[in-house]
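Coordinate analysis (summary)
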Amino acid sequence: MRTTIDITLQEPRKAADALSEASELSRQKIKDAMTKGACWWTHKGKQLRLRRATKELRAGVRLQLHYDEKILARKPDDPVLLEDKGRYTVWFKPHGMLAQGSQWGDHCSLLRLAEIRLDRPCHLIHRLDADAAGLMLIAHDPKAAGALSQCFSARTMTKHYRARVTGVTNIQNQLVDAPVDGKLATSRVTTLSTSATDQTSLVQVSIETGRKHQIRRHLAGLGHPIVGDRLYGRPAPIPLQLLAFYLEFDCPLSKHRVTFRLPDQLDSLKQP
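Here is a short report on the structure shown in this document. Every chain begins its residue count from 1, and numbering advances along the sequence as written. With pLDDT at 70 or above as the cut-off, local features in this predicted model cover only qualifying residues; side-chain atom pairs require 80 or more to be listed or tallied, and sums for whole chains, interfaces and linings still use all residues. Values shown for side chains rest on all heavy atoms present in the structure; no hydrogens or waters enter the calculation.

Turning our attention to the nonpolar core. Formed by 28 residues in total, the largest nonpolar core has its most connected members in Tyr161, Val205, Ile215, Leu219, Ile226 and Leu242. For this core, the secondary structure elements donating two or more residues are helix H4 (110-118), strand S10 (133-139), strand S11 (158-166), strand S14 (200-207), helix H6 (214-221) and strand S15 (242-250). The numbering of helices and of strands both runs from the N terminus, where a helix is a DSSP run of H or I of at least 4 residues and a strand a run of E of at least 2. Sort the elements by how many residues they give to this core and H4 lands first, with five residues. The criterion used for residue contact is that any of the two residues' heavy atoms lie within 4.5 Å. Excluding residues that lie within four positions of it along the chain, valine 205 makes contacts with Lys159, His160, Tyr161, Ser187, Arg188, Val189, Ile215 and Leu219. Grouped together as the second largest cluster of nonpolar side chains are 25 residues, Ala139, Leu148, Leu243 and Phe245 included. Buried Ala, Val, Leu, Ile, Met, Phe, Trp, Tyr and Cys residues that are joined via side-chain atoms within 4.5 Å together make up what is termed a nonpolar core. Under the scheme applied here, a residue whose accessible area is under 20% of the maximum for its type counts as buried, over 50% as exposed, and between as partly exposed, the area being computed with a 1.4 Å probe on protein chains only.

See below:
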């Protein structure tokens, strides 16, 4: 079942009661959906998630519940906290996990799971494709989020990825600059190893820009889509073989050069 309930309260009500009466959903299902981030309300001109089902709301408040049974039934894999730097943390995001939630919920997102585990405010700094896995940074105050985000937007962040691609190829530091959605996009690709047995290659990709699906599109454009890429290649019984394994930058908070590398036990695409 997938439905959206959009109501404006005519009188003061509890959120769950109002949504239950406006739909065929039980209060228990509504409470579960609210806890998982599928309910929104307009507060002081902003749309915010409303998680507390018993919250008393005044007349005139707009409520929206985006209910999708399949999404709400998902159980995320656990992300791994790699380092706690105080004002930001470093995480391993597994395949299939969103960086942040959607209107249909955020219980399967790294941002929400980090917030619950650390009991601290969490702010998104950058994104990583839901189908990919690897390193992500989460900030814990707005100033830290802004300063670290600037490292990405100013292209001062060194970002390395590995990908297992279809076909045997021998590429050495090849620049790929095909625009993505009409915007400048640059990647550098180097072959690390090849496998004649399954006709695949392991490549390292370094990106200067961070366009949506940039690595996936660039590798597919070279004729070597990533193994498991259902959008630009062919579906496979394994997750998308793309891993963000290395970050290096001048930290604007500590004023030191910092390097983060994925631990071997989490590196599913280690170089042979």
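Counting buried residues in strand S8 (residues 88-93) gives six out of six residues, a clear majority hidden from the surface. Burial along S8 is two-sided: Tyr88, Val90 and Phe92 and Thr89, Trp91 and Lys93, pointing in opposite directions, are all buried. For two strands to pair, DSSP has to find at least two bridges joining them. Here four bridges tie strand S7 (residues 80-84) to S8, and the two strands are oriented antiparallel to one another. Residue glutamate 83 lies in a different strand from S8, and its bridge partner there is valine 90. Hairpin connection from S7 to S8: three residues lie between these consecutive antiparallel strands, with glycine 86 at a positive phi of about 85°. In this sheet, S10 lies alongside S8 in antiparallel orientation, the contact comprising six bridges. Of the residues in S10, the one forming a bridge with lysine 93 is glycine 134.

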